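A closer look at the structure
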Amino acid sequence: MATVRLGQKNRALTRAVPDSFDRALAKFFGSGPTDIPLAKAQHTAYCQALVDAGIEVTILPKDNDHPDCIFVEDQAVVIDGHVLLPVPGHPSRVNEQPPISEFINRQLSGTKICSMNGGARMDGGDILRLGDLFFVGRSSRTNDAGIEELQDLLTHLGHELRIIEIPDQALHLTSISSTPTDKVILAPEGFISKDAFGELPDGCEVKWMPAEEVYGCNTIGLPNGQVLVAEGYPTVLKTLQAMGLDTVLLDMSQIREADGSLTCCSLFF
Ligand code: CIR
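Residues numbered from 1 in each chain as written. Predicted model: local features only at pLDDT ≥ 70, side-chain atom pairs only at ≥ 80, totals over all residues. Heavy atoms only, no water.

**Digging into the overall build of the protein**
- Secondary structure summary: the protein contains five helices and 15 strands in total.
- In terms of overall size, the protein behaves like a compact globule, its C-alpha atoms giving a radius of gyration of 17 Å where 269 residues would be expected to give roughly 18 Å.
- C-alpha atoms of the protein, sized along the principal axes, occupy 40 × 40 × 35 Å.
- Across the 269 residues that make up the protein, the buried fraction comes to 58%.
- Counting contacts in the protein only where the partners sit at least 6 residues apart, residues at least 24 apart contribute 68% of the total.
- For the protein, the accessible area works out to roughly 10400 Å², and carbon and sulfur atoms hold 48% of it. (Helix = DSSP H or I, 4+ residues; strand = E, 2+ residues; numbered from the N terminus. Rg over C-alpha atoms; globule rule 2.2 N^0.38 Å. Buried < 20%, exposed > 50% of the residue type's maximum accessible area, 1.4 Å probe, protein only. Contact = heavy atoms within 4.5 Å. Areas by Shrake-Rupley, 256 points an atom, 1.4 Å probe, with all protein chains shown as cover.)

**As for the packing of aromatic side chains**
- For the coordinates displayed, the defined rule picks out six aromatic pairs.
- Ring centres of F135 and F197 lie 5.1 Å apart, and the angle between their planes is 85°; this geometry places the pair in the edge-to-face category. Pair noted here: F135 is in strand β7 (residues 133–138) and F197 is in the loop between β10 (184–188) and β11 (205–209), with a separation of 62 residues, a long-range link.
- Across the ring face of F268, the terminal group of K9 is positioned such that the distance to the ring centre comes to 5.5 Å.
- The ring of Y215 carries the charged tip of R256 above its face, separated from the ring centre by 5.0 Å. (Phe/Tyr/Trp six-rings, centres within 6.5 Å; stacked < 30°, edge-to-face > 60°. Lys NZ or Arg CZ within 6 Å of the ring centre and 35° of its normal.)

**Concerning the site of the ligand**
- In the vicinity of the ligand lie 15 residues, with D68, E73, H172, A258 and C264 positioned nearest.
- A distance of 2.7 Å separates a nitrogen atom of the ligand from a polar side-chain atom of D68.
- In this structure, the ligand is accommodated by the largest pocket.
- Residue composition of the shell around the ligand, grouped by class: five nonpolar, four polar and six charged. (Near = heavy atom within 4 Å. Polar contact = N/O pair within 3.5 Å; in protein donor to acceptor, adjacent residues only side chain to side chain. 1 Å grid on protein atoms, 1.4 Å probe; cavity = no way out; pocket = protein on both sides within 12 Å on 5 of 7 lines; lining within 4 Å. Sits in = over half its atoms within 2 Å of the grid points. Nonpolar A, V, L, I, M, F, W, Y, C, P; charged D, E, K, R; others polar.)

**Some details on the nonpolar core**
- Grouped together as the largest cluster of nonpolar side chains are 58 residues, with contacts concentrated most on F21, F135, I185, F197, L200 and L228.
- Secondary structure elements with two or more residues in this core: α1 (36–52), β6 (127–130), β7, β10, β11, β13 (226–230), α4 (234–242) and β14 (246–250).
- By residue number, the principal contributor to this core is α1, which donates six residues.
- Apart from the residues lying within four places of it in its own chain, the contact partners of F21 are P33, I36, A39, P67, I70, F71, Q254, I255 and A258.
- Counting 15 residues, the second largest nonpolar core, distinct from the first, contains V77, I127, F134 and L154. (Core = buried A, V, L, I, M, F, W, Y, C linked by side-chain atoms within 4.5 Å.)

**A short note on the sheet that holds strand β12 (residues 220–221)**
- The mixed open sheet is built from three strands, whose spatial order is β12-β13-β14. For this open sheet the edge positions go to β12 and β14, each flanked by a neighbour on one side alone.
- Here α1 sits on the sheet and contacts β12, β13 and β14; the angle it forms with β14, its principal contact strand, is near 160°.
- Of the strands in this sheet, β13 and β14 are in contact with α4, which crosses β14 at around 155°. (Pairing = 2+ DSSP bridges. Axes fitted to C-alpha atoms, helices over the stretch in contact; angles between N-to-C directions.)

**Re the layout of surface pockets**
- Counted as a void, the largest pocket has a volume near 190 Å³.
- Along the walls of the largest pocket sit 17 residues, with L25, R141, L171, A258 and D259 positioned nearest its centre. (Points joined across faces, edges and corners; volume = space filled by probe spheres on them.)

**Focus: the pairing of β10**
- When you tally the buried positions in β10, you get five out of five residues, the bulk of the element.
- Of the two faces of β10, both are covered, the one formed by V184, L186 and P188 as well as the one formed by I185 and A187.
- As defined by bridge partners, strand β9 (residues 178–181) adjoins β10 across two bridges and the pair is classed as antiparallel. Residue pairing for β10: S178 is matched across the bridge by L186.

In short, the description is geometric, and any link to function would need to be established separately.
Written as structure tokens, this is what we have:
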């Protein structure tokens, strides 16, 4: 989700929770989901929250051979009607992509779709957009060759890209930050240095949250003034409410166990 502006969020792709979700990769926030029916119910509530906010949601069928298939954000980068299909940074996730690329091809026919080549690796979860300024995490999933391919696309579109080093204790840039509006970045103290985002455009700011609320820093701002927030992060919640946003709380406990945050579960296009 992180690659489209607020006003461009009209349609979202999601993918149903597979029966194998208890085998999803887990190393950062969680140690693996244990309650698949609960994970499915949480995912259903997530999709419903998007629908209730007026988003047209498509749910792709689950893929039991790919326990991480719900994390569609990582599989495609959609920027201003252009699409970059990355080679995901973890080998077990590479074959999740074909149904997503086929869907995007059908939906955005006529759009230029580029695929990454050679040794380039990237997870879509490493990209954050603040208005027309982009950030990419250099992480265990996104390498320099992948960043170069993203840079080429953004140069073509006339947008700036800045690189953020992702610390070893985090998976992706969006695992530890988000843009609930086109002017605000939420980020946790202690994970990213205070000058990492650089000088921001007029009227934009980083709101620093306590380190223990790192998971809560991933939110989804929506065009109707709502923002989806994970339950359990009081400073994040108060901060968003003080910004005048209408907060919608979601229980993400089982999805968090698979290191997934709110944005990871949807792809806006
Ligand atoms: C993984 O390790 O790839 C999944 N278990 C979690 C992916 C989360 N996606 C994201 O942050 N964009």
